[in-house]
Amino acid sequence: MTTLAANWSLADALAEEEARFIAANPRSRERALAAAAVMPGGNTRTVLHYTPFPLAFAKGEGATVTDLDGHTYRDFLGEYSAGIYGHSHPVIVAAAKRAIDSGIVLGGPNMYEAKLAAAIAARFPSVERIRFTNSGTEANLMALVTAIAASGRKRVLGFRGGYHGGVLTLKPGVLTNAPFDFALARYNDLGTVEAVLREGADQFACAIVEPVMGGAGAIPATPAFLRGLRELTARHGILLILDEVMTSRHGPGGVQGLLGITPDLTTFGKYLGGGFSFGAFGGRADLMERYDPYRPDAFAHAGTFNNNVTSMAAGYAGLSEVFTPAAAEALFARGEALRRRLNEAAVAADVPVRATGLGSMIGIHPTDREITTAEDAPEAKEARALIHLALIARGIYMARRGYMTLSLPQTAADDDALVAAFSDTLRTHARVLRDHAAALAIT
């Protein structure tokens, strides 16, 4: 790669990477322009947008994706953690085809949903009963309304920077959130939780928390924080919702299994549908039985595609045949090792960049300061864009915000390639990234 002139600024370095990206991807650019004629910004999923335009893909195979211009990338985005099986895993494809061959929309219970429910409950002992939705967003919405309806209370405790779905983004300025009565505390800070509860603990139906903040940059909760939150909520009769939409991949039983924490409700999504649309919420039998339609006072929960045959069949095949407990443990260990290597590469290059995360979730941040809350992670749009485009130029695909998740088809060669590309990116852009971090420290 070209080494930048010593007197260039971050803006200059980014402009060069953008120019290289535009020149290399004319078909993705053409698609973006055409799509904008019928979709706002050519987009129907905000997180997939980035400047100057996003790559568009023609296919995925194993642990790689190929764009419209024929470039193949090692896929470290992993569909924001939904792609744990990679692309077109033969077990998943076979299960989905068998299901589709017997009918796509059946309009009644099918042979797959109870199997998947039992498989999830076996992995997560806190899940005594479970119901399916179409996304993690829906799962969290249903968990929240369940807690409110069951408790008779209205308020919800959340954490600044938390993300629980497309209409549950817990940061200032978001105008499209669902109108829940949220009170926000600081992540990894039990003192702020206690301060919020002093305002009136008996008004809170529930607290909802991610064991690792995904949207805020793969920021893990400390075990002491999660255990303390469980104790505080139990003391005040507040239901604890553990959002394991992303973190259920961390070992055989998710983070709750790693730490021995029993939430009242757990939400799921992402890979548990085998790569198809999926969400679920489950937990204590006495709460979930409120949805038993044989009860005269049953809560209602509709959804045309809640038990769609592709998600149910593919999800069950994946969980029972591919993502076994042993595979979950191996993926977690691989992620821990890879994150250490990325941090060691930053230290070796003497560049203030930090990799955060837990297990197979990784966040890259253009800073060397400790990150324990969303407020600690710098916005740093230009620096993040620079690293993102530089890694794309080196054959690595990840999110613009620096987010990565690992998948099962990846090999040691993929991890080596990521570390090499990351190291080369840091060497190439060392001075501007150092200057940027220094400017952040001043402000």
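The structure displayed is predicted, hence computed values, not measured ones.

1. A closer look at the overall build of the chain
A count of helices and strands for the chain gives 14 helices and 18 strands. With the C-alpha coordinates of the chain rotated into their principal frame, the extents come out at 75 × 55 × 45 Å. Per-residue burial for the chain yields a buried fraction of 54% across its 443 residues. The contacts in the chain between residues at least 6 apart in sequence include a share of 73% that link residues at least 24 apart. Within the structure as shown, the chain displays about 18500 Å² of accessible surface, and the carbon and sulfur contribution to it stands at 56%. Side-chain charges in the chain split into 42 positive and 44 negative, and the spacing between the mean points of these groups amounts to 1 Å.

2. Observations regarding the environment of His-429
Within the secondary structure layout, His-429 lies in the loop between helix 13 (412-428) and helix 14 (430-442). Each C-alpha atom of the pair His-429 and Pro-366 lies 11 Å from the other, and the pair is 63 residues apart in sequence.

3. Description of the sheet that holds strand 16 (residues 361-365)
The strands that make up a sheet pair up through hydrogen bonds in the backbone, lying either parallel or antiparallel. Spatial ordering of the open sheet is given by 15-16-18, a layout of three strands whose pairing is antiparallel. Lying at the two open borders of the sheet, with one neighbouring strand each, are strand 15 (354-358) and strand 18 (403-405). Neighbouring strand axes in the sheet, compared pairwise and without regard to direction, differ in orientation by 25 degrees on average. Across three bridges, strand 16 lies against strand 18 in antiparallel orientation. Looking at the pairing, Gly-363 lines up with Tyr-403 of strand 18.

4. So, the pairing of strand 13 (residues 265-269)
Of all five residues that make up strand 13, five are buried, and the element is covered over most of its length. Relative to strand 13, strand 12 (residues 239-243) runs parallel, the two sharing three bridges. Bridging from a neighbouring strand, Ile-241 pairs with Leu-265 of strand 13. Each parallel crossover has a hand, and for strand 12 linked through helix 8 (residues 254-259) to strand 13 it is right-handed. Strand direction decides the pairing type here: strand 13 and strand 14 (residues 279-283), joined by five bridges, are antiparallel. For Thr-266, the partnering residue across the bridge sits in strand 14 and is Gly-282.

5. Things to note about the sheet that holds strand 13
As summarised here, the arrangement of the seven strands in space is 4-14-13-12-9-5-8, forming an open sheet in which the pairing is mixed. The open sheet has two edge strands with one neighbour each: strand 4 (129-133) and strand 8 (181-185). Taken over all neighbouring pairs, the strand axes of this sheet differ in orientation by 20 degrees on average, direction set aside.

6. A look at the side chain of Arg-400
By the secondary structure assignment, Arg-400 is in the loop between strand 17 (396-397) and strand 18. For the buried residue Arg-400, which engages in no salt bridge, the nearest side chain bearing the opposite charge is Glu-18, 5.7 Å off. A polar atom in the side chain of Arg-400 sits 2.6 Å from the backbone oxygen of Thr-51. Beyond its immediate sequence surroundings of up to four residues, Arg-400 is in contact with Tyr-50, Thr-51, Arg-384, Ala-385, His-388 and Leu-389.

7. Re helix 11 (residues 325-349)
A rise of 1.5 Å per residue sets the reference length of helix 11, with its 25 residues, at 36 Å; its end C-alpha atoms lie 37 Å apart and thus fit the reference within 8%. Among the residues of helix 11, those classed as buried are Ala-327, Ala-328, Leu-331, Phe-332, Arg-334, Gly-335, Leu-338, Arg-339, Leu-342, Ala-345, Ala-346 and Ala-349. Directly after helix 11, the chain includes Asp-350, whose backbone phi takes a positive value near 55 degrees.

8. Quick look at the packing of aromatic side chains
Inspection of every chain in the model, using the stated rule, returns 14 aromatic pairs. On the numbers, 6.4 Å between centres and 65 degrees between planes, the contact of Phe-21 with Tyr-50 is edge-to-face. Here Phe-21, found in helix 1 (residues 10-24), pairs with Tyr-50, found in the loop between helix 2 (26-35) and strand 1 (57-61); they are 29 residues apart in sequence, far enough to count as distant. The class of Phe-21 is buried, set by a relative accessible area of 5%. Taken together, Phe-21, Tyr-50 and Phe-53 form an aromatic cluster joined through their ring pairs.

9. A word on helix 4 (residues 113-123)
Residue pairs spaced three or four apart in an α-helix point in one direction, given the helix's 3.6 residues per turn. Those residues of helix 4 that sit buried are Glu-113, Leu-116, Ala-117, Ala-119, Ile-120 and Arg-123. All buried residues of helix 4 lie within an arc of 165 degrees about the axis, which places them on one face of the element. The exposed set on the far side of helix 4, more than 90 degrees from its buried face, consists of Ala-114 and Ala-122. Here the buried face of helix 4 lies against strand 4, strand 13, helix 10 (309-322) and helix 11.

10. Digging into the side chain of Gln-256
Within the element layout of this structure, Gln-256 appears in helix 8. Only 3.2 Å separates the side chain of Gln-256 from the side chain of Thr-266, close enough to count as a polar contact.

11. Structural notes on the packing of helix 6 (residues 190-197) against helix 7 (residues 223-235)
How two helices pack is summed up by the angle between their axes together with the distance between the axes. Relative to each other, helix 6 and helix 7 sit at 20 degrees, their axes nearing to 10 Å. By the angle class used here, helix 6 and helix 7 are roughly parallel. Between helix 6 and helix 7 the crossing geometry is right-handed. Facing helix 6, whose interface residues are Leu-190, Val-193 and Glu-194, helix 7 presents Ala-224, Phe-225, Gly-228, Leu-229 and Leu-232. For the contact of helix 6 with helix 7, the per-class residue count stands at six nonpolar, one polar and one charged.

12. Quick notes on a nonpolar patch on the surface
A surface patch of nonpolar side chains, amounting to about 380 Å² of accessible area, comprises Ile-100, Ile-104, Val-105 and Phe-305. By relative accessible area, Phe-305 is classed as partly exposed at 45%.

13. Regarding unusual backbone geometry
The phi torsion of most residues other than glycine is negative, and most of the peptide bonds are trans. The step from Thr-51 to Pro-52 runs through a cis peptide bond, and the omega angle for that step is 0 degrees. Considering the arrangement of structural elements, one finds Pro-52 in the loop between helix 2 and strand 1. At Ala-218, a position not held by glycine, the phi torsion is positive, near 55 degrees. Summarising the element assignment, Ala-218 is placed in the loop between strand 10 (212-213) and strand 11 (219-220).

Thresholds, definitions, all that
- Residues numbered from 1 in each chain as written.
- Predicted model: local features only at pLDDT ≥ 70, side-chain atom pairs only at ≥ 80, totals over all residues.
- Heavy atoms only, no water.
- Helix = DSSP H or I, 4+ residues; strand = E, 2+ residues; numbered from the N terminus.
- Buried < 20%, exposed > 50% of the residue type's maximum accessible area, 1.4 Å probe, protein only.
- Contact = heavy atoms within 4.5 Å.
- Areas by Shrake-Rupley, 256 points an atom, 1.4 Å probe, with all protein chains shown as cover.
- Lys, Arg positive; Asp, Glu negative; His and termini not counted.
- Charge placed at Lys NZ, Arg CZ, Asp CG, Glu CD.
- Pairing = 2+ DSSP bridges.
- Axes fitted to C-alpha atoms, helices over the stretch in contact; angles between N-to-C directions.
- Right-handed = clockwise from strand over helix to strand, strands pointing away.
- Salt bridge = Lys/Arg side-chain N within 4 Å of Asp/Glu carboxyl O.
- Polar contact = N/O pair within 3.5 Å; in protein donor to acceptor, adjacent residues only side chain to side chain.
- Expected span 1.5 Å × (residues − 1).
- Phe/Tyr/Trp six-rings, centres within 6.5 Å; stacked < 30°, edge-to-face > 60°.
- Arc of directions from axis to C-beta.
- Parallel < 35°, antiparallel > 145°, perpendicular 65-115°, else oblique.
- Left-handed = near helix turned anticlockwise from the far one by under 90°.
- Nonpolar A, V, L, I, M, F, W, Y, C, P; charged D, E, K, R; others polar.
- Patch = residues over 30% accessible without salt bridge, like charges linked within 9 Å, V, L, I, M, F, W, Y side chains within 5 Å.

Geometry only, nothing functional implied.
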